[in-house]
Structure formats: structure tokens, C-alpha cells
Amino acid sequence: MKQILELETALANITVPQDQRRDEEKLYHKITIAELQVLAPAVDWLDLLSSCLSPLELNDSEPVILYPREYLVQMSQLINRTDHSLLNNYMIWTLVLKGVASLDQRFENAEDKLRESLYGTKKVQLA
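Draft legend 1. Broad picture of the overall build of the protein. Across its full length, the protein carries seven helices and two strands. Listing each helix as α and each strand as β along the protein from the N terminus yields α-α-β-α-α-β-α-α-α. Within the protein, the proportion of its 127 residues that are buried is 24%. Sequence-distant contacts in the protein: of pairs separated by 6 or more residues, those separated by 24 or more amount to 67%. Accessible area for the protein stands at about 9400 Å²; split by element, carbon and sulfur atoms hold 55% of it.

See the structure below:
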């Protein structure tokens, strides 16, 4: 659990602060999937985007818009230096947390107790 919290902290530290998200000209970058692959090599972008956008047929010269560029670079570096079993656990943990809202009150109560013990609060505070 401690490792997942450390990963979440690392993710939060590379996220662009809200006050720096106002200038869209600085944030949006149009590049090709091939350029994205070089920029953030930890993910097979053509495979991922082809899977997500099926039945569209994509190739590596397809243009994509990045938001924001530096985040993807740092995210790729974080993925490369993080143990894969921890990444798997994090993805499962995130999926489970997202599903709690669909369950009955017992699970919401359990989530509240967990958040209180981990973060000192029962509910997530949105920025």
C-alpha cells in the first residue's frame, strides 16, 4: 500500500498545476504517433491508440494532440523506473476504487474508512 501511495505522489508531482493550464497555446502540441513514441517510449502508442479507436486504422504518421507534452515525457520515465508488478497493482487499485461508487453502502463505508486512515479525510477533495 505504501508503494502505491508513493506512486500516486510521484504522479501528482508531475501533473501540471492548475494555474499553469490556462495558456492552451503552451499546452497543446500537434505531433505524429511516431514522434510521440520517441517522446514517451514506455507505451506502445500505435497499439494503444489503435485498440482504443478501433475500427479506425491508424499508422505512425497519424497526427495527435498532446496535453501537455512534458507530462507524457515524465510519465514515460516514471513507468520505466517503476516495478511492473507495482504498476499492475496500481491499475487494479484504481479500477476497484472507481467501481466502489456502483456498489452498495457497505462498500462506500469501507472506502470512507480507508480514505480516512490513508489521507485523514473521508472524501476526495477536488481541486
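Having seen the model, we can carry on.
Draft legend 2. Local environment of the packing of helix α1 (residues 2-14) against helix α6 (residues 84-100). Orientation of α1 relative to α6, taken along the N-to-C sense of each, is 85°, at an axis distance of 10 Å. Judged on the interaxial angle alone, α6 and α1 are roughly perpendicular. Packed against α1, whose contacting residues are Gln 3, Ile 4, Leu 7, Glu 8 and Leu 11, the element α6 presents Leu 86, Leu 87, Asn 89, Tyr 90 and Trp 93 at the interface. Considered class by class, the residues forming the contact of α1 with α6 number seven nonpolar, two polar and one charged.

Thresholds applied
- Residues numbered from 1 in each chain as written.
- Predicted model: local features only at pLDDT ≥ 70, side-chain atom pairs only at ≥ 80, totals over all residues.
- Heavy atoms only, no water.
- Helix = DSSP H or I, 4+ residues; strand = E, 2+ residues; numbered from the N terminus.
- Buried < 20%, exposed > 50% of the residue type's maximum accessible area, 1.4 Å probe, protein only.
- Contact = heavy atoms within 4.5 Å.
- Areas by Shrake-Rupley, 256 points an atom, 1.4 Å probe, with all protein chains shown as cover.
- Axes fitted to C-alpha atoms, helices over the stretch in contact; angles between N-to-C directions.
- Parallel < 35°, antiparallel > 145°, perpendicular 65-115°, else oblique.
- Nonpolar A, V, L, I, M, F, W, Y, C, P; charged D, E, K, R; others polar.

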